[in-house]
Amino acid sequence: MAKIIKLNHVAIAIGDVNSALNFWQDALGLSVDHIEDVPSQKSEVVFMPVGETEVELVHPTSEDSGLARFVTEKGGGLHHLCFEVDDIDEMLDTLKEKGIRMIDEHAKELPGRKMAFIHPKSTGGVLVELYQIIK
Ligand code: CO
């Protein structure tokens, strides 16, 4: 059976990268590891390691995404939690068997990882992402 390995990251939706960095980097003192453009998610992501996990600041790069609507409607905020699993395909099969509502029925492949989102309707209101790191 597939297992959760750790909390991979907590994602915060932001409208403006510089004002977010004023807090997360300059005031709180987290370091930016790198910034990545993720075209498949229509977002730009600021990766800030925190011990074994990360805070990711996610910024929409297009107006027509769920993330863009979230930022427009709520002005940003906690967007999702991401758990790293050892076998994402097996985990997705298990969740579907249990009737959990998915956003992604199948894992998407990105450089270095596979990922899928679980619908907040099935999680108590929090968008949950699953990751499997691909070596
Ligand atoms: Co994420």
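What this report covers is the structure whose coordinates are included nearby.

Basis of the calculations
Residues numbered from 1 in each chain as written. Predicted model: local features only at pLDDT ≥ 70, side-chain atom pairs only at ≥ 80, totals over all residues. Heavy atoms only, no water. Patch = residues over 30% accessible without salt bridge, like charges linked within 9 Å, V, L, I, M, F, W, Y side chains within 5 Å. Areas by Shrake-Rupley, 256 points an atom, 1.4 Å probe, with all protein chains shown as cover. Salt bridge = Lys/Arg side-chain N within 4 Å of Asp/Glu carboxyl O. Lys, Arg positive; Asp, Glu negative; His and termini not counted. Charge placed at Lys NZ, Arg CZ, Asp CG, Glu CD. Helix = DSSP H or I, 4+ residues; strand = E, 2+ residues; numbered from the N terminus. Buried < 20%, exposed > 50% of the residue type's maximum accessible area, 1.4 Å probe, protein only. Donors = N, O, S within 2.8 Å, 3.2 Å for Na, K, Ca; no water. Arc of directions from axis to C-beta. Contact = heavy atoms within 4.5 Å. 1 Å grid on protein atoms, 1.4 Å probe; cavity = no way out; pocket = protein on both sides within 12 Å on 5 of 7 lines; lining within 4 Å. Points joined across faces, edges and corners; volume = space filled by probe spheres on them. Nonpolar A, V, L, I, M, F, W, Y, C, P; charged D, E, K, R; others polar.

1. Brief notes about a negative patch on the surface
A grouping of D86, E90, D93 and E97 is seen on the molecular surface, where their side chains present a negatively charged patch. Mapped onto the secondary structure, E90 falls in helix α3 (residues 88-97). Owing to a relative accessible area of 31%, E90 belongs among the partly exposed residues under this scheme.

2. Here we look at the coordination of the cobalt ion
Each protein donor to the cobalt ion is listed here as H9 (NE2), H80 (NE2) and E129 (OE); together their distances run 2.0 to 2.1 Å. All donors to the cobalt ion come from one chain, and their sequence spacing reads H-x70-H-x48-E. Of this pair, H9 sits in strand β1 (residues 4-13) while E129 sits in strand β8 (residues 127-133), and the two are 120 residues apart along the sequence. On the basis of relative accessibility, which here comes to 5%, the residue E129 falls in the buried class.

3. Observations regarding helix α2 (residues 66-74)
Among all positions of α2, only L67, A68, F70 and V71 are buried. Relative to the axis of α2, the buried residues are bounded by an arc of 160° and lie together on one face. Opposite its buried face, α2 presents the exposed residues T72 and E73, each directed more than 90 degrees away. Summarising the contacts, the buried residues of α2 are in contact with β1, β3 (43-50), β4 (53-60) and β5 (77-85). A positive phi of about 75° marks G75, the residue just after α2.

4. Let's talk about the layout of surface pockets
Looking at the largest pocket, its volume works out to about 670 Å³. Every residue lining the largest pocket is counted, 33 residues in all, and those nearest its centre are Q41, L67, H79, F117 and L127. At the level of secondary structure, the elements contributing two or more residues to the lining of the largest pocket comprise β3, β4, α2, β5, β6 (108-110), β7 (113-118) and β8. For the lining of the largest pocket, the class distribution of residues is 15 nonpolar, 9 polar and 9 charged. When its volume is computed, the second largest pocket comes out at roughly 180 Å³. N8, F47, E54, Y131 and I133 are, among the 16 residues lining the second largest pocket, the residues nearest its centre. Secondary structure elements with two or more residues in the lining of the second largest pocket: β1, β2 (34-38), β4 and β8. Considering each element in turn, the lining of the second largest pocket owes the most residues, 3 residues, to β4. Class assignment of the residues belonging to the lining of the second largest pocket gives a composition of 4 nonpolar, 5 polar and 7 charged.

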